[in-house]
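Each chain is listed here by its residues.
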Amino acid sequence: MLNAATGVTATGATLNGTVTDSGASAPAVVFYWATSDRGGDPAAWPASQVVAGTQTGAFSAEVTGLQPATTYFFRARATNASGGVWASPCLSFTTVASAPVVENGGVSEVSATSAKLGATVTSTGGTDPAVTIFYGLADGGTNAASWASSVVIPALNGCLLYTSDAADDSLR
């Protein structure tokens, strides 16, 4: 029997299950996972993890190398001298998004009333983030409230050039 995945992070999770009837002998267990249910053919699953030893009750395995903000499906197969059986049903979990990474770009075309500001999202963390550009006459540091002005750019993935004009803030 499969149990819900626990300890889900942006890049890993712990898969859980329970042997409810070991038959003639305690089985060896293998977890299989993918971004879709691949059914009952072990060769169809691109990733697997052998659970150490033989199992007679609860078992688990940590899996790593997963992608952020992605749904994964998993199954377990128990095998002993009598044969093999798949735990049913297939279960799923979704990894969490990781923090996005944004690099400040340059400032250009500075005039008395406007300037162009740039930024690049170098890693989305699994979902396109909204980016807020803070600006003003003094450096507000990492405290958002210390900046004179800001603009939110929704769902940014890539580069942005923002023009701040005293009369009209606009995205370009």
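Residues numbered from 1 in each chain as written. Predicted model: local features only at pLDDT ≥ 70, side-chain atom pairs only at ≥ 80, totals over all residues. Heavy atoms only, no water.

A. Quick peek at the packing of aromatic side chains. The final tally for this structure, using the stated rule, is five aromatic pairs. Ring centres of Tyr32 and Trp86 lie 5.2 Å apart, and the angle between their planes is 50°; this geometry places the pair in the tilted category. Here the residue Tyr32 occupies a position in strand E3 (residues 28-34), and Trp86 occupies one in strand E7 (residues 83-86), the gap between them amounting to 54 residues. Both residues of the pair, Tyr32 and Trp86, belong to the buried class. The rings of Phe31, Phe59, Tyr72, Phe74 and Phe93 are connected pair by pair, giving a single aromatic cluster. (Phe/Tyr/Trp six-rings, centres within 6.5 Å; stacked < 30°, edge-to-face > 60°. Helix = DSSP H or I, 4+ residues; strand = E, 2+ residues; numbered from the N terminus. Buried < 20%, exposed > 50% of the residue type's maximum accessible area, 1.4 Å probe, protein only.)

B. Geometry of unusual backbone geometry. Cis geometry is found at the peptide bond from Ser88 to Pro89, where omega equals 0°. Positionally, Pro89 belongs in the loop between E7 and strand E8 (91-94). Phi is positive for Ala69, which is not a glycine, with a value near 55°. Within the secondary structure layout, Ala69 lies in the loop between strand E5 (58-64) and strand E6 (71-80). Take Ala69: its relative accessible area is 32%, and that puts it in the partly exposed class. Despite not being glycine, Glu109 has its phi angle at roughly 50°, a positive value. Among the secondary structure elements, Glu109 is positioned in the loop between strand E9 (101-108) and strand E10 (114-123).

C. Just the sheet that holds E5, in detail. Reading across from one edge, E1-E2-E5 is the order of the three strands in this open sheet, with antiparallel pairing throughout. Each edge of the sheet is formed by a strand with only one pairing partner; in this case those strands are strand E1 (2-6) and E5. The mean angle between the axes of side-by-side strands here comes to 20°, regardless of whether they run parallel or antiparallel. As defined by bridge partners, strand E2 (residues 12-18) adjoins E5 across seven bridges and the pair is classed as antiparallel. Across the sheet, Ala13 pairs through a bridge with Val63, a residue of E5. (Pairing = 2+ DSSP bridges. Axes fitted to C-alpha atoms, helices over the stretch in contact; angles between N-to-C directions.)

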